[in-house]
Amino acid sequence: MNMDVFARGAALRVLVTPEGSESWTEAERHVPPNKEACKAQLRARLQRLSEQGRLRNPDLMNSEGEGIHAVKTNCGLRAYGWFGSGPNGGKAFCIGHVAMKKQQKADSRDLKRVKRVRERFGG
Amino acid sequence: MSTTRLHDWLAESSEQARLFEQETLILDVTEAIWAEMEHQGISKADLAARLGKSRAFVTQVLNGSRNMTLRTLSDIAFALGVRADFSLGHPVQGADGWTDSGETRFGPRLMTRVCDLNAANTDWTDLEAQRS
């Protein structure tokens, strides 16, 4: 099972599972036209994560429990993933699911989905 | 449309690359402020009190949902006892216009540095360099 390399930074690689890729494309269809910057915001935050290994501002990255983390944007677009190692070793943050969140709290279905993906990848 | 490879997405349109640069600059500034807050053990509530602003104001400025003016940045630096410095620069580029890793968009862009106001000499001290 292959994962796309989103970004290679000084601290880790950000990898995207096929499920993450598919859900990312779908989630971005629901980003309002006046919030296009949100798509760039998610990518900038993921790239920063690859450089620093973490985001210092806790408002930008949440632990959702059981090793699942969410990189957040200001419009509700969120990338859910886990820290692990990539196919060739080395630290990685693996994105298993992306969603356009409508309410403040994470949707339990989104968390279940990313956990299922993690299991498939042996995480 | 490529979603999952950053450099492909940036190459798709100059508008996407422009917005990405904005978000990157916001992160440069706000993560530098967070690093200094962590170093000094200062919370958002502490910073809000020092600024005479609400906690919500500080939250919005630090997560980029509220535009930070240069005056606000100066006030935050002053409240932390440091000075914000910046320079315009060109990141190292590979032959294809990208950095070696292929992940960083071309410049110019701003870079911030947090400097110690209490440095003994007249030169500003680069705290980030000291800590690394």
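Residues numbered from 1 in each chain as written. Chains lettered and ligands numbered in written order. Predicted model: local features only at pLDDT ≥ 70, side-chain atom pairs only at ≥ 80, totals over all residues.

## As for the overall build of chain B
- Check the secondary structure of chain B and you find six helices and two strands.
- Scanning chain B from its N terminus toward the C terminus, one meets helices and strands in the order α-α-α-α-α-β-β-α.
- The buried share among the 132 residues of chain B stands at 24%.
- Long-range pairs, those at least 24 residues apart, make up 49% of the contacts in chain B with a sequence separation of at least 6. (Helix = DSSP H or I, 4+ residues; strand = E, 2+ residues; numbered from the N terminus. Buried ≥ 20, exposed ≤ 12 C-beta atoms within 10 Å, placed from the backbone. Contact = placed C-beta atoms within 7 Å.)

## Considering the confidence of the model for chain B
Residues and elements named next belong to chain B.
- Per-residue pLDDT for chain B averages 80, and the proportion of residues at 70 or more is 66%.
- Here residues 94–110 is modelled with pLDDT under 50, and outside its nearest four sequence neighbours on either side it reaches 37 contacts, counting other chains as well.
- Overall fold confidence for the complex sits at a pTM of 0.85, while the interface term, ipTM, reaches 0.92. (pLDDT = per-residue confidence, 0-100.)

## Details of the packing of helix α2 (residues 37–52) of chain A against helix α2 (residues 14–40) of chain B
- As a packed pair, α2(A) and α2(B) sit with axes 8 Å apart at the nearest point and diverge in direction by 50°. Compared by their axis directions, α2(A) and α2(B) come out oblique. Helix-helix and strand crossings are classified by hand; for α2(A) and α2(B) the assignment is right-handed. Counting all contacts with α2(A), which are made through A:Ala37, A:Ala40, A:Gln41, A:Arg43, A:Ala44, A:Arg45 and A:Arg48, the residues of α2(B) involved are B:Gln16, B:Leu19, B:Phe20, B:Gln22, B:Glu23, B:Thr24, B:Leu27 and B:Glu31.
- Among the residues making up the contact of α2(A) with α2(B), the classes are represented as six nonpolar, four polar and five charged. (Axes fitted to C-alpha atoms, helices over the stretch in contact; angles between N-to-C directions. Parallel < 35°, antiparallel > 145°, perpendicular 65-115°, else oblique. Left-handed = near helix turned anticlockwise from the far one by under 90°. Nonpolar A, V, L, I, M, F, W, Y, C, P; charged D, E, K, R; others polar.)

## Notes on the interface of chain A and chain B
- Contacts between chain A and chain B engage 23 residues on the former and 24 residues on the latter.
- The set of elements that each furnish at least two residues to the side of chain A that touches chain B consists of β1 (4–8), α1 (18–28) and α2 of chain A.
- Ranked by residues supplied to the side of chain A that touches chain B, first place goes to α2(A) with eight residues.
- Of the residues assigned to the side of chain A that touches chain B, the class counts are eight nonpolar, six polar and nine charged.

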